[in-house]
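These are the residues of each chain, in order.
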Amino acid sequence: MSKRLDISVVVPLYNEEESLGELAAWIDRVAGENSLSYEIIMIDDGSSDGSWAEVERLKAIYPAIKGIRFGRNYGKSAALYCGFAEAEGEVVFTMDADLQDSPDEIPEMRRMILEDGYDLVSGWKKKRYDPAGKRLPSKFFNLTARIVSGIRLHDFNCGLKAYRRKVIKSIEVYGEMHRYIPILAKHAGFKRIGEKVVHHRERKYGVSKFGMERMVKGYLDLITVSFMSHFGRSPMYFFGSLGTIMFLLGGGTTVWIIAAKLYKQFNGLPLRAVTDQPLFFVAILTIILGVQLFLAGFLGELINRNSSDRNNYLIDKKI
């Protein structure tokens, strides 16, 4: 059996034709200086410039390059998913193709994985060369992610990360979940997550492909990944519990309103018709919502029971 590669570098790209040659040469130099066997997996996410032609040209120069081309733009998560599937290195790196991430960080991040025992090491762009309109929302976003996930990282969205190989083979990146790979890894059982301050460079070519809409998507994805981490295998715990509470609250309120009317009626006290009281309709609505939530949890359990990966557990060792 052939020896496994030391590192795999997964590079998603979209319209980054100018930077690919420099990036490939830089990674090749760093690998050579540190005697590392390597592969570079470039995933062209439906570029409209000459990026794919550049990947083909570089393949002839650097045989270690692998190329994947999408028929259209699917997003960074899809690119990482396909790159992870192809990766064969003992330690797998991800970095952006715009030259803002430095391949010089590779040896130390690899050492942290192999010697310090981390499952995942995330880069922290402590000093960033992005405009304030991008930095300030990012700080708030990272603060929220830390609070929700309990993972003490300063920069969840940093493209430069290092993974033990079994981590990327045990998680599924989809939608826009590339921002939350540390959370996905923690949920999969990989809790040794570290951080390293990395050098962030100014963009040399082109323009950023990300707009402010990614902040909205980011928070929606944070809600999704948090829910899936806690209740993905048992949706009944969330929907059923919430539905039961609402049903009991609404039912109790309805009984109280009717009992109060009967008491006043038997004692000749002034009273209002039940249907004249707004609280009665709120109680009925609460009962209906409670039943619907309970049924949602029940249906979720039925779907989960028929899921192909319902018993897909991480087995660390066997003897």
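The structure under discussion appears in the preceding block.
Along each chain, residue indices are assigned from 1 in the same order as the chain's sequence is written. Selection of residues for local features in this predicted model requires a pLDDT of at least 70, selection of side-chain atom pairs for listing and counting requires 80 or more, and totals for whole chains, interfaces and linings are taken over all residues. Processing note: side-chain calculations cover all non-hydrogen atoms of the structure and skip hydrogens and water entirely.

A few points about the overall build of the chain
Every helix listed is a DSSP run of H or I at least four residues long, and every strand listed is a run of E at least two residues long, numbered separately from the N terminus. Regarding its fold elements, the chain presents 10 helices and 7 strands. The buried share among the 319 residues of the chain stands at 44%. For the chain, the proportion of contacts with a sequence separation of at least 24, taken over those separated by at least 6, is 80%. A total accessible area of about 17,400 Å² is found for the chain, and carbon and sulfur atoms account for 59% of it. Under the scheme applied here, a residue whose accessible area is under 20% of the maximum for its type counts as buried, over 50% as exposed, and between as partly exposed, the area being computed with a 1.4 Å probe on protein chains only. Two residues form a contact once any of their heavy atoms are found within 4.5 Å. Computed with the Shrake-Rupley method and a 1.4 Å probe, the accessible areas treat only the protein chains shown as cover for residues.

Observations regarding the pairing of strand 2 (residues 38-44)
In terms of burial, strand 2 is largely enclosed, as 7 of its 7 residues are buried. Here strand 2 shows no split at all, with Tyr 38, Ile 40, Met 42 and Asp 44 on one side and Glu 39, Ile 41 and Ile 43 on the other all buried. DSSP bridges decide pairing: two strands pair if at least two such bridges lie between them. For strand 1 (residues 7-13) and strand 2, the ladder comprises 7 bridges, and the chain directions are parallel. Each residue of the ladder has a partner; that of Val 10, found in strand 2, is Ile 41. Handedness of a crossover: with both strands directed away from the viewer, a clockwise path from the first strand across the helix to the second marks it as right-handed. Regarding topology, helix 1 (residues 20-33) serves as the crossover connection from strand 1 to the parallel strand 2, and that connection is right-handed. With 5 bridges joining them, strand 2 and strand 3 (residues 65-69) adopt parallel strand pairing.

What to know about the nonpolar core
Soluble globular proteins: nonpolar side chains tend toward being buried together. Within the largest apolar cluster, 35 residues are counted, with the highest numbers of intra-cluster contacts made by Ile 7, Val 9, Val 11, Tyr 38, Met 42, Phe 93 and Met 95. Among the elements of the structure, strand 1, helix 1, strand 2, helix 2 (51-61), strand 4 (91-94) and helix 4 (106-114) are those that each provide at least two residues to this core. If you tally residues by element for this core, the top one is helix 1, at 7 residues. The criterion is simple. A nonpolar core is a set of buried Ala, Val, Leu, Ile, Met, Phe, Trp, Tyr and Cys residues joined through side-chain atoms within 4.5 Å. Membership of the second largest hydrophobic core comes to 30 residues, among which are Val 10, Ile 68, Phe 70 and Ile 181.

Thoughts on the sheet that holds strand 5 (residues 120-124)
Two pairing modes exist for strands in a sheet, parallel and antiparallel, and in both the strands are linked by backbone hydrogen bonds. Spatial ordering of the open sheet is given by 3-2-1-4-6-5-7, a layout of 7 strands whose pairing is mixed. Where the open sheet ends on each side, the last strands, each with one partner, are strand 3 and strand 7 (193-197). When strand polarity is set aside, the average angle formed by the axes of neighbouring strands in this sheet is 20°. As defined by bridge partners, strand 5 adjoins strand 6 (residues 161-164) across 3 bridges and the pair is classed as antiparallel. Within strand 6, the position partnered with Leu 120 by the bridge is Tyr 163. In this analysis, axes come from line fits to C-alpha atoms, helices being fitted only over the stretch in contact, and the angle between any two N-to-C directions falls in the range 0 to 180 degrees. This element, helix 3 (residues 76-86), spans strand 1, strand 2, strand 3, strand 4 and strand 6 of the sheet and lies at about 155° to strand 1.

A closer look at the packing of helix 1 against helix 2
Where helix 1 contacts helix 2, the axes come no closer than 10 Å and their chain directions differ by 35°. Our pair here, helix 1 against helix 2, has a crossing hand that is right-handed. The residues of helix 2 that touch helix 1, namely those facing Leu 20, Gly 21 and Ala 24, are Ser 51, Glu 54, Val 55 and Leu 58. In this scheme, a crossing is called left-handed if the near helix is turned counterclockwise away from the far one by less than a right angle; it is called right-handed if the turn is clockwise.

A word on unusual backbone geometry
The phi angle at Asn 15 is positive, at roughly 55°, despite the residue not being glycine. Topologically, Asn 15 is positioned in the loop between strand 1 and helix 1. In this structure Asn 15 comes out as buried when scored by relative accessible area, which is 18%. Unlike most non-glycine residues, Ser 35 shows phi in positive territory, near 55°. Considering the arrangement of structural elements, one finds Ser 35 in the loop between helix 1 and strand 2. Owing to a relative accessible area of 65%, Ser 35 belongs among the exposed residues under this scheme.

Notes on the side chain of Asp 119
With respect to the secondary-structure elements, Asp 119 resides in the loop between helix 4 and strand 5. Overall, the relative accessible area of 1% leaves Asp 119 in the buried class. Ignoring anything within four residues of it in the chain, the contact list for Asp 119 reads Ile 113, Ala 162, Tyr 163, Arg 164, Val 167, Phe 190, Lys 191 and Arg 192.

Looking at helix 1
Here the expected length of a helix is defined as 1.5 Å per residue gap, with one fewer gap than residues. In this model helix 1 runs 20 Å from its N-terminal to its C-terminal C-alpha over 14 residues, within 8% of the 20 Å that 1.5 Å per residue would give. Of all the positions in helix 1, only Leu 20, Gly 21, Leu 23, Ala 24, Trp 26, Ile 27, Val 30 and Ala 31 are classed as buried. Looking at the buried side of helix 1, the elements it contacts are strand 1, strand 2, helix 2, strand 3 and helix 4. In the stretch just after helix 1, Ser 35 is the one whose phi turns positive, near 55°.

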